Amino acid sequence: MSQTIAATAATERAPLTFTVTPSTHARSAAEREAILADPGFGKNFTDHMVTIDWTLDEGWHDARVTAYGPLMLDPASSVLHYAQEIFEGLKAYRHADGSIWTFRPEKNAERMQRSARRLALPELPARDFIESIKQIVAVDGDWVPSAPETSLYLRPFMIANETFLGVRAAHKVGYYVIASPAGAYFHGGVAPVKIWLAADYSRAGRGGTGAAKCGGNYAASLLPQMEANENGCAQVLFLDGETGTRIDELGGMNVFFVHGTDTLVTPRLTGSILEGVTRDSIMQLARDRGMTVEEREVTLDEWRDGVASGAITEVFACGTAAVVTPIAQLKGKDLEIGDADAPAGEITMAIRQELTDIQYGRRPDRHGWLTRLDAPESRA
Ligand code: COI
């Protein structure tokens, strides 16, 4: 394993160059427009995909853009047996002048490198990660929708595709990027959601993979997510695996609490919480508004007591897919915190508005968070 990582951590080699083979069966403009009119989330995909191969001997090579299509995987591919897989999620936004931008892609590149280290996968240099995003938008830019609150969701992922059943870090890996036009993640748009407390399950434990964006974490959330849905809730909340008293995160999102009107609190990064790019950006925007931001331990008791006393005024979830989604109520067996019919909080919606205004180019990008994806000079 150490040999694999040593051979692939940030290297001196030149940036990858991509070959482009256009699809021979791309959808017509009319077919594409019909999909973009009601994109939903994660159910339609563009005409192309990016692939980059990696082997222990050659490192990263053969970067290419080809028609979107099924992967050919040997049934003994290690990812199918030992889940050596990581992924990322970021979005391409169309601005009013037609240009296409993405948000803090270097943060996703760095997080993917951290996830890779944890899952004993090779690190893709950040410049190649960002170029892979530019490449897919260069061929499939027409798939970036322009209606309010829509975007092209970009899903880079990496899998161990060596044909080998021994349990060790794979010597053969594939990196891919697929793209999917997206509307709101939750059915019902940005309306406040109910959240289910997964009292019997943990998402991550000490020393585990909680901070990595790996498929296994999400697989483990699916059974409690079913329980959440059966109880009329949109997402599941996990407590820490050790004491079962502290708030960790939702199945696929971080969580924030507004105290009064001037303090924003979120669980600190413990190693079992995903370091969300949206989480980080919201903390910055809150500081810019003069709010006090606290990253610290938050217990379930504090949530219950804070809502009861009025100290906690708003709760919301955030992530690339969910953006900022108000949480009306936490439910569990014998537990209800908050009012299921509560309207979206004012501070929640103001932060959401500011974040999306920056992402969609409606207000100045004062932190330099945007990267243009479609400009000719960005292809250098
Ligand atoms: C994201 O917000 O991008 C996520 O990865 C959450 C979920 C769609 C898996």
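Nothing here was measured: the structure is a model prediction, and the numbers come from that model.

Rules behind the numbers
- Residues numbered from 1 in each chain as written.
- Predicted model: local features only at pLDDT ≥ 70, side-chain atom pairs only at ≥ 80, totals over all residues.
- Heavy atoms only, no water.
- Helix = DSSP H or I, 4+ residues; strand = E, 2+ residues; numbered from the N terminus.
- Rg over C-alpha atoms; globule rule 2.2 N^0.38 Å.
- Buried < 20%, exposed > 50% of the residue type's maximum accessible area, 1.4 Å probe, protein only.
- Lys, Arg positive; Asp, Glu negative; His and termini not counted.
- Charge placed at Lys NZ, Arg CZ, Asp CG, Glu CD.
- Patch = residues over 30% accessible without salt bridge, like charges linked within 9 Å, V, L, I, M, F, W, Y side chains within 5 Å.
- Areas by Shrake-Rupley, 256 points an atom, 1.4 Å probe, with all protein chains shown as cover.
- Salt bridge = Lys/Arg side-chain N within 4 Å of Asp/Glu carboxyl O.
- Near = heavy atom within 4 Å.
- Polar contact = N/O pair within 3.5 Å; in protein donor to acceptor, adjacent residues only side chain to side chain.
- Core = buried A, V, L, I, M, F, W, Y, C linked by side-chain atoms within 4.5 Å.
- Contact = heavy atoms within 4.5 Å.
- 1 Å grid on protein atoms, 1.4 Å probe; cavity = no way out; pocket = protein on both sides within 12 Å on 5 of 7 lines; lining within 4 Å.
- Points joined across faces, edges and corners; volume = space filled by probe spheres on them.
- Nonpolar A, V, L, I, M, F, W, Y, C, P; charged D, E, K, R; others polar.
- Domains from an automatic or database assignment.
- Expected span 1.5 Å × (residues − 1).
- UniProt positions renumbered as here; feature names shortened; annotations may be inferred.
- Axes fitted to C-alpha atoms, helices over the stretch in contact; angles between N-to-C directions.
- Parallel < 35°, antiparallel > 145°, perpendicular 65-115°, else oblique.
- Left-handed = near helix turned anticlockwise from the far one by under 90°.

1. Some details on the overall build of the protein chain
Summing up its helical and strand segments, the protein chain has nine helices and 18 strands in all. Relative to the 2.2 N^0.38 estimate, which gives 21 Å for 380 residues, the radius of gyration of the protein chain is 21 Å and therefore close to what a compact globule would have. Taking the principal axes of its C-alpha atoms as reference, the protein chain extends roughly 60 × 50 × 40 Å. In the protein chain, which comprises 380 residues, the proportion classed as buried is 53%. Of the side chains in the protein chain, 37 bear a positive and 50 a negative charge, and the two mean positions are spaced by 2 Å.

2. Considerations on a nonpolar patch on the surface
Taken together, Leu71, Leu73 and Leu80 make up a surface patch of nonpolar side chains, about 230 Å² in accessible area. Take Leu80: it is sitting in helix α3 (residues 78-82).

3. So, the pattern of salt bridges
This model, assessed by the stated rule, comprises 27 salt bridges. Notably, a salt bridge pairs Glu249 with Arg203, separated by 3.5 Å at the nearest N-O pair. You can see Glu249 sitting in strand β11 (residues 247-250) and its partner Arg203 sitting in the loop between β9 (193-197) and α6 (215-230), a full 46 residues away along the chain. Across the pair Arg363 and Asp357 runs a salt bridge, and its minimum N-O distance is 3.0 Å. Several salt bridges converge on common partners, so that one network encompasses Asp288, Arg289, Glu354 and Arg366.

4. Some remarks on the site of the ligand
Every residue near the ligand is listed here: Phe87, Gly89, Tyr153, Arg155, Tyr185, Lys213, Tyr218, Gly252, Gly319, Thr320 and Ala321. A distance of 2.7 Å separates an oxygen atom of the ligand from a polar side-chain atom of Lys213. A distance of 2.8 Å separates an oxygen atom of the ligand from a polar atom in the backbone of Ala321. Protein chains bury 89% of the 280 Å² of accessible surface belonging to the ligand in isolation.

5. A look at the nonpolar core
In this structure, Ile52, Trp60, Phe129, Leu154, Met158 and Tyr175 are the most contacted members of the largest nonpolar core, which totals 40 residues. Counting residues per element, the ones that place at least two in this core are α2 (29-37), β2 (48-55), β3 (59-67), β5 (90-94), α4 (105-118), α5 (126-140), β7 (151-160) and β8 (172-182). With five residues, α5 is the largest single contributor of residues to this core. Residue contacts for Ile52: discarding those within four places in its chain leaves Leu16, Phe18, Trp60, His61, Asp62, Ala63, Leu124, Val173, Gly174 and Tyr175.

6. A closer look at the environment of Gly241
Inspection of the secondary structure assignment puts Gly241 in the loop between β10 (235-239) and β11. Setting aside residues up to four positions removed in sequence, Gly241 forms contacts with Ser202 and Ala204.

7. Notes on the layout of surface pockets
The space that makes up the largest pocket amounts to roughly 620 Å³. Considering the residues around the largest pocket, the lining is formed by 34 residues, among which Tyr153, Arg155, Tyr185, Tyr218 and Gly252 are closest to the centre. Residue assignment for the lining of the largest pocket shows that the elements contributing at least two residues are β7, β8, α6, α7 (277-288) and β15 (312-319). The greatest single-element share of the lining of the largest pocket, amounting to five residues, is contributed by α6. Within the lining of the largest pocket, the residues separate by chemical class into 16 nonpolar, 14 polar and four charged. Mapping the lining of the largest pocket onto the domain boundaries places at least three of its residues in each of domain 1 (3-187 + 372-378) and domain 2 (193-343).

8. Things to note about the side chain of His48
As for its position among the elements, His48 is in strand β2. A relative accessible area of 7% places His48 in the buried class. Not counting chain neighbours up to four residues away, the residues in contact with His48 comprise Thr21, Pro22, Ser23, Val65, Thr66, Ala67, Tyr68, Ile136, Val139 and Asp140.

9. So, α5
What sets the pattern is the α-helix's 3.6 residues per turn: residues three or four places apart point alike. Taking 1.5 Å of rise per residue, the 15 residues of α5 would be expected to cover 21 Å, and the 21 Å separating its terminal C-alpha atoms lies within 8% of that figure. The buried fraction of α5 is high, at 11 of 15 residues. Taken together, the buried positions of α5 are occupied by Asp128, Phe129, Ile130, Glu131, Ser132, Ile133, Lys134, Gln135, Ile136, Val137 and Asp140.

10. Describing the UniProt feature "modified residue: N6-(pyridoxal phosphate)lysine" (unreviewed entry) in the protein chain
In the numbering adopted here, UniProt assigns the feature "modified residue: N6-(pyridoxal phosphate)lysine" (unreviewed entry) to Lys213. For Lys213, the position within the fold is in the loop between β9 and α6. Given the relative accessible area of 9%, Lys213 is considered buried. Look past the residues within four positions of Lys213 in its chain and what remains in contact with it is Ile86, Phe87, Glu88, Gly89, Arg111, Ser115, Tyr218 and Leu274.

11. Here we look at the side chain of Glu249
Relative accessible area serves as the criterion here: at 1%, Glu249 is assigned to the buried category. Side-chain polar atoms of Glu249 contact the side chain of Arg203, separated by 3.5 Å. Excluding anything up to four places from it in sequence, Glu249 contacts Arg203, Val236, Leu237, Phe238, Asn254, Ser272, Ile273 and Leu274.

12. Section: the packing of α4 against α5
The packing of two helices is summarised by the inter-axis angle and the distance between the axes. α5 packs onto α4 with a crossing angle of 125 degrees between their chain directions and a minimal axis gap of 9 Å. Regarding the angle of α4 to α5, the classification is oblique. Here the hand of the crossing between α4 and α5 comes out right-handed. Packed against α4, whose contacting residues are Pro105, Glu106, Asn108, Ala109, Met112 and Gln113, the element α5 presents Ala126, Phe129 and Ile130 at the interface. When its residues are assigned to classes, the contact of α4 with α5 shows six nonpolar, two polar and one charged.

13. Considerations on the packing of α7 against helix α9 (residues 346-359)
In contact at an axis separation of 10 Å, α7 and α9 are set at 110 degrees when each is read in the N-to-C sense. Here α7 lies roughly perpendicular to α9, going by the angle between them. For the pair α7 and α9, contact is made by Thr278, Ser281, Ile282 and Leu285 and by Ile351, Glu354, Leu355 and Ile358, respectively. Of the residues assigned to the contact of α7 with α9, the class counts are five nonpolar, two polar and one charged.

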